Amino acid sequence: MIAHCGTFFMSGPAGVFEKEPFAAGTEALLEAGATSGCYSVIGGGHTAACAEKFGLAKKFSYISTGGGAMETYILGKQLPVVEALKAAYNRKCPADA
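Residues numbered from 1 in each chain as written. Predicted model: local features only at pLDDT ≥ 70, side-chain atom pairs only at ≥ 80, totals over all residues. Heavy atoms only, no water.

Topic: the overall build of the chain
Move 1: Each helix and strand in the chain was counted, giving four helices and three strands.
Move 2: Going from the N terminus to the C terminus, the chain shows its helices and strands as β-α-β-α-β-α-α.
Move 3: A compact globule built from 97 residues would reach a C-alpha radius of gyration of about 13 Å, whereas the chain, at 18 Å, exceeds it by more than 25%.
Move 4: In terms of its C-alpha atoms, the chain occupies a principal-axis envelope of roughly 60 × 30 × 20 Å.
Move 5: Considering the chain as a whole, with its 97 residues, one finds that 28% of them fall into the buried category.
Move 6: Of the roughly 6500 Å² that the chain leaves accessible, carbon and sulfur atoms contribute 60%. (Helix = DSSP H or I, 4+ residues; strand = E, 2+ residues; numbered from the N terminus. Rg over C-alpha atoms; globule rule 2.2 N^0.38 Å. Buried < 20%, exposed > 50% of the residue type's maximum accessible area, 1.4 Å probe, protein only. Areas by Shrake-Rupley, 256 points an atom, 1.4 Å probe, with all protein chains shown as cover.)

As structure tokens, this is what we get:
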């Protein structure tokens with residue numbers, strides 16, 4: 001299925017990748033996403049670490065170490081820090097009055 005997708009998105013490893021017997025599923029998913037030819041996005045520090053560990057990081061279209069924040073952004077939800085920065089930018093400073 002992954003080989004024929006238009007976009008691959010993975011946020012979080014598929015198991016305890018630090019222990020060799022459990023790393024195979026995560027490695028297989030990342031390998032499939034990295035070699036599928038589609039736009040491939042992975043998110044989260046552990047997922048990025050897995051991609052590095054398996055030598056696949058350079059094959060992805062985009063890597064974010066912020067997994068939860070990236071998911072929130074992709075889903076079109078507001079990110080509190082971005083909203084705070086927008087509010088600060090739009091607020092008139094007393095010196096500008």
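What about the nonpolar core?
Move 1: Core analysis: the biggest nonpolar cluster contains 14 residues, and Phe-8, Leu-30, Ile-42, Phe-54, Leu-56 and Phe-60 have the highest contact counts within it.
Move 2: Those elements giving two or more residues to this core turn out to be β1 (7–11), α1 (20–35) and α2 (45–53).
Move 3: Residue contributions to this core peak at three residues, all from α1.
Move 4: Setting aside residues no more than four positions away along its own chain, Leu-56 makes contact with Glu-27, Leu-30, Glu-31, Ala-34 and Ala-51. (Core = buried A, V, L, I, M, F, W, Y, C linked by side-chain atoms within 4.5 Å. Contact = heavy atoms within 4.5 Å.)

Structural notes on a nonpolar patch on the surface
Move 1: Residues Phe-9, Tyr-73 and Ile-74 make up a contiguous nonpolar surface patch of roughly 350 Å² in combined accessible area.
Move 2: Along the chain, the position of Ile-74 falls in helix α3 (residues 67–74). (Patch = residues over 30% accessible without salt bridge, like charges linked within 9 Å, V, L, I, M, F, W, Y side chains within 5 Å. Salt bridge = Lys/Arg side-chain N within 4 Å of Asp/Glu carboxyl O.)

Some thoughts on the sheet that holds β1
Move 1: The parallel open sheet is built from three strands, whose spatial order is β1-β2-β3. Two strands in the sheet have a free side with no partner beyond their single neighbour: β1 and β3 (62–64). Shown here is a sheet whose adjacent strand axes are inclined to one another by a mean of 10 degrees, direction ignored.
Move 2: By the bridge criterion, five bridges tie β1 to strand β2 (residues 39–43) in an arrangement that is parallel. (Pairing = 2+ DSSP bridges. Axes fitted to C-alpha atoms, helices over the stretch in contact; angles between N-to-C directions.)

A closer look at α1
Move 1: Spanning 16 residues, α1 covers 22 Å between terminal C-alpha atoms, matching the ideal 22 Å at 1.5 Å per step.
Move 2: Of all the bends found along α1, the most pronounced is centred on Thr-26 and spans about 25 degrees.
Move 3: Of the residues making up α1, those classed as buried are Ala-23, Thr-26, Leu-30, Gly-33 and Ala-34.
Move 4: Each element contacted by the buried residues of α1 is listed here: β1, β2 and α2.
Move 5: Gly-37 sits one or two positions beyond α1 and adopts a positive phi of about 85 degrees. (Expected span 1.5 Å × (residues − 1). Bend = angle between axes of the 7 residues up to and from the residue.)

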